[in-house]
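# Working through the structure, step by step
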Amino acid sequence: MIIPQKWDYNFDEEISNDEYEVINKFLASYRNQSVIVADEYRQDFSMVPVEEEKVIFKTNDDTWKSMDFCRKIYHKGKPYVVELGLWRVGHREDNPKCLSIREFRIITNGKVHFINLNTKDASKNNWLFNIISIFDEKKVISPEQAYCKRMYTNKSLQEFMTNHEWGKINEGINQMPTLANALFIIREGYESSTHFTADFGTILYQLISYRQNNLDNFSKKDLLELDKLILKLRKTELLKVQLHEQTGGSKSWPTSSILLESNNYDGRMHRSQQYNVANTELSDEKKVLNKCIRALKK
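Anyway, here's the lowdown on the structure attached to this text. (Residues numbered from 1 in each chain as written. Predicted model: local features only at pLDDT ≥ 70, side-chain atom pairs only at ≥ 80, totals over all residues. Heavy atoms only, no water.)

We now examine the pairing of strand β4 (residues 64-75). Each regular strand carries side chains that alternate between the two faces of the sheet. With 10 of 12 residues buried, β4 is to be regarded as a mostly interior element. One ladder, built from five bridges, connects strand β2 (residues 40-50) with β4; its direction is antiparallel. Across the sheet, Gln 43 pairs through a bridge with Lys 65, a residue of β4. (Buried < 20%, exposed > 50% of the residue type's maximum accessible area, 1.4 Å probe, protein only. Helix = DSSP H or I, 4+ residues; strand = E, 2+ residues; numbered from the N terminus. Pairing = 2+ DSSP bridges.)

The next thing to look at is the packing of helix α6 (residues 166-175) against helix α7 (residues 203-213). Running from N to C, α6 and α7 cross one another at 170°; their axes reach a closest spacing of 13 Å. Comparing the axis directions of α6 and α7 gives the class roughly antiparallel. Side by side, α6 and α7 meet where Trp 166, Ile 169 and Ile 173 of the first sit next to Ile 203, Leu 207 and Tyr 210 of the second. Across the contact of α6 with α7, the residue classes break down as six nonpolar, no polar and no charged. (Axes fitted to C-alpha atoms, helices over the stretch in contact; angles between N-to-C directions. Parallel < 35°, antiparallel > 145°, perpendicular 65-115°, else oblique. Contact = heavy atoms within 4.5 Å. Nonpolar A, V, L, I, M, F, W, Y, C, P; charged D, E, K, R; others polar.)

Looking now at the packing of aromatic side chains. Within this structure, the stated rule accounts for 12 aromatic pairs. Chaining the aromatic ring pairs together yields one cluster made of Phe 26, Tyr 30, Phe 69, Phe 104 and Phe 135. Lying over the aromatic face of Tyr 275, Lys 240 brings its terminal NZ or CZ to 4.9 Å of the ring centre. (Phe/Tyr/Trp six-rings, centres within 6.5 Å; stacked < 30°, edge-to-face > 60°. Lys NZ or Arg CZ within 6 Å of the ring centre and 35° of its normal.)

Bringing α7 into the picture now. Within α7, nine of the 11 residues are buried, leaving the element largely enclosed by the surrounding structure. For α7, the complete set of buried residues consists of Ile 203, Leu 204, Tyr 205, Gln 206, Leu 207, Ile 208, Ser 209, Tyr 210 and Arg 211.

Shown next, in the form of structure tokens:
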């Protein structure tokens, strides 16, 4: 999620006392939750394409799964970013399916410490065994699953923003208040023949993003009206969700039978991601929101 210019690859470095406290705060933010929404959730499936891949039959069981979690944690007034990656191991039928830690790191001062999970300090080692129980696979859901009922593909919001019709957006919210936290389509389409992406965002996110990208195109009065609408929506969710799908295949020769021209493997990757303030992805948008609030409250 965050890629500092300078990386610390010292896997043998012991966890410091401050890092230990930061990790405990990170885990505490998820502990005892009945449902945990992953920041990134990916599943790979096998599939059988026919009719030149116009029709695809896919299995319901994934062949590979990964889940990523990220939080900014403050400790002694200092910001740390903790990133945890889990994945499913044991893809073969004779191995049990279970989650394991793929990556665990702490980012601070522009450097990354990849956490050594084999710490020699027994008192610090205990919490490592609790991670999988906290992030129980049955509790973790994808952003797509969490927000799909709030997603709309209607593009009226986009049209109103392009035309700077802030009053119509406000009127639409007043007519149906639940839409204040709905996710409206931002963009959709194939990036290539095998990659499809769709982005959704709340009204607050889209207004702030539009403001950031078109700041030079506003009159003073127009910008004031936009900022008033942003201020009205300041307590709604600042959220973006991306859905991505990719298909691909491979062939190998020769085969062990003349009945097979080649051994074919075809797969489908489905990923959903959430962008919010808590996982640091919308830090800039949060700064713009705070700026608008301070300016209009003077």
